[in-house]
Amino acid sequence: MENRDLNALAARAADLIVGSQKLVVFTGAGISTESGIPDFRSPGGIWERFDPDDFTIDKFRSSPDSRRKQWRILKEGLLTDKAAPNAAHIAVAELYRMGKLDCVITQNIDNLHQKAGVPDDRVFELHGNMQFVLCLDCGRRYPLGDIKPRLDRGEEIPDCLECRGMLKPDIVMFGEQLPYDVLQEAGRRAMASDLFIVIGSTLVVYPAAFMPLYAVEAGAGLIIVNLSATPMDDRAAVVIRAKAGEAMSAVVAGVKERLGR
Ligand code: APR
Ligand code: ZN
């Protein structure tokens, strides 16, 4: 995207943000690719290398072989407690620090919004969070840091040290219910928003993808920052087809300028 075009679009987005009272930011895996975490549906993404049909809770529970596969997917792609927030996460946290952000609703499990400085109670994680691993038998919760070294040492299917039970990352797998309270509150926030910004999502996985729809149906303005087209593009006031880091940095620079920060 030409810089000239980016600057014009970022300026329009900044105008909308300055005029908003209830801004909700909705993110997907595309906001974290610049932190080195692969997304799912871009070329080279997770679902190009692994079969999503293997990544279901029923399969996880049903066979050691499927658990082995799912721990490998996690280890190779998503299990990074080393990833750092990138310019896009930092820009979103800046909006919070300026008092312009109601909350973040994210499909991501990487904890990078919190690492960038958005408080936990303003981040609604629809698909869980990779920072913990649960024992499905005794309920014990392990920090990821206790399990990752075991995987790095070659353990393929880590089990519970307490009861030898089945360990599962605290994330939502296909076929699992999303955390009910989180989904309810996220829906409420989306419907109460007056401006809704989507960053880095194909908007093809439900019920998460209902969020921008709830917002627009309730009268909110929509901004989309995404490298590829989404089903909501034609309902957006601004669509920025650029990398999230540079786009959101330009947008927040515009907000600061307008607020005299
Ligand atoms: N800047 C802007 N957009 C980007 C960038 C970037 N640096 N990198 C990737 N994108 C865009 C891609 O073009 C794509 O449209 O982000 C989008 C990522 O889409 P998906 O890979 O489908 O990720 P997401 O929408 O979060 O997937 C939703 O699917 O598999 C499940 O549970 C998983 O939460 C995930 C859900
Ligand atoms: Zn246990």
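Residues numbered from 1 in each chain as written. Chains lettered and ligands numbered in written order. Predicted model: local features only at pLDDT ≥ 70, side-chain atom pairs only at ≥ 80, totals over all residues. Heavy atoms only, no water.

Draft legend 1. Inspection of the site of ligand 1 at higher detail. Around ligand 1, 23 residues are found, and the nearest of them are Phe-40, Arg-41, Ser-201, Thr-202 and Ser-228. Gly-30 has a polar backbone atom sitting 3.5 Å from a nitrogen atom of ligand 1. The backbone of Phe-40 places a nitrogen or oxygen atom 2.8 Å from an oxygen atom of ligand 1. Its free accessible area being 740 Å², ligand 1 has 94% of it covered by the protein chains. For the shell around ligand 1, the residue count by class is 8 nonpolar, 11 polar and 4 charged. (Near = heavy atom within 4 Å. Polar contact = N/O pair within 3.5 Å; in protein donor to acceptor, adjacent residues only side chain to side chain. Areas by Shrake-Rupley, 256 points an atom, 1.4 Å probe, with all protein chains shown as cover. Nonpolar A, V, L, I, M, F, W, Y, C, P; charged D, E, K, R; others polar.)

Draft legend 2. Structural detail: helix H5 (residues 87–97). What H5 keeps buried is the set Ala-88, His-89, Ala-91, Val-92, Ala-93, Glu-94 and Leu-95. Elements in contact with the buried residues of H5: helix H1 (3–18), strand S1 (23–27), strand S2 (103–106), helix H6 (112–116), strand S7 (195–199) and helix H10 (244–259). (Buried < 20%, exposed > 50% of the residue type's maximum accessible area, 1.4 Å probe, protein only. Helix = DSSP H or I, 4+ residues; strand = E, 2+ residues; numbered from the N terminus. Contact = heavy atoms within 4.5 Å.)

Draft legend 3. Layout of the nonpolar core. Within the largest apolar cluster, 34 residues are counted, with the highest numbers of intra-cluster contacts made by Ile-17, Leu-23, Val-25, Leu-95, Leu-101, Ile-199 and Ile-240. Breaking this core down by element, the ones donating at least two residues are H1, S1, H5, S7, strand S8 (221–225), strand S9 (238–240) and H10. Apart from residues no more than four positions distant in its own chain, Ile-240 is found in contact with Met-1, Leu-6, Leu-9, Ala-10, Ile-224, Val-225, Asn-226, Ala-247 and Val-251. Core analysis: the second largest hydrophobic core is formed by 23 residues, Val-24, Leu-126, Val-172 and Ile-224 among them. (Core = buried A, V, L, I, M, F, W, Y, C linked by side-chain atoms within 4.5 Å.)

Draft legend 4. Representation of the domain arrangement of the protein chain within the structure. Annotation of the protein chain at the domain level lists domain 1 (1–37 + 84–127 + 178–261) and domain 2 (38–79 + 129–171). When each unit is reduced to the centre of its C-alpha atoms, the spacing between domain 1 and domain 2 is 28 Å. Taking both sides of the interface into account, the surface hidden between domain 1 and domain 2 amounts to around 910 Å²; carbon and sulfur atoms contribute 63%. Taken as a group, Ala-29, Ile-37 and Ile-109 account for 51% of the area that domain 1 buries against domain 2, more than any other trio of residues on that side. Where domain 1 meets domain 2, there are 0 salt bridges. Inspection of the domain 1/domain 2 interface yields 3 residue pairs in polar contact (both at pLDDT 80 or more). Here the side of domain 1 that touches domain 2 is built from residues that sort into 5 nonpolar, 7 polar and 2 charged. (Domains from an automatic or database assignment. Buried area = accessible area lost by both parts, 1.4 Å probe. Salt bridge = Lys/Arg side-chain N within 4 Å of Asp/Glu carboxyl O.)

Draft legend 5. Quick peek at H10. Taking 1.5 Å of rise per residue, the 16 residues of H10 would be expected to cover 22 Å, and the 22 Å separating its terminal C-alpha atoms lies within 8% of that figure. Along H10, the residues classified as buried are Ala-244, Gly-245, Ala-247, Met-248, Val-251, Val-252, Gly-254 and Val-255. Residues of H10 that are buried sit in contact with H1, H5, S7, S8 and S9. Following H10 by one or two positions, Gly-260 adopts a phi angle in the positive range, close to 65°. (Expected span 1.5 Å × (residues − 1).)

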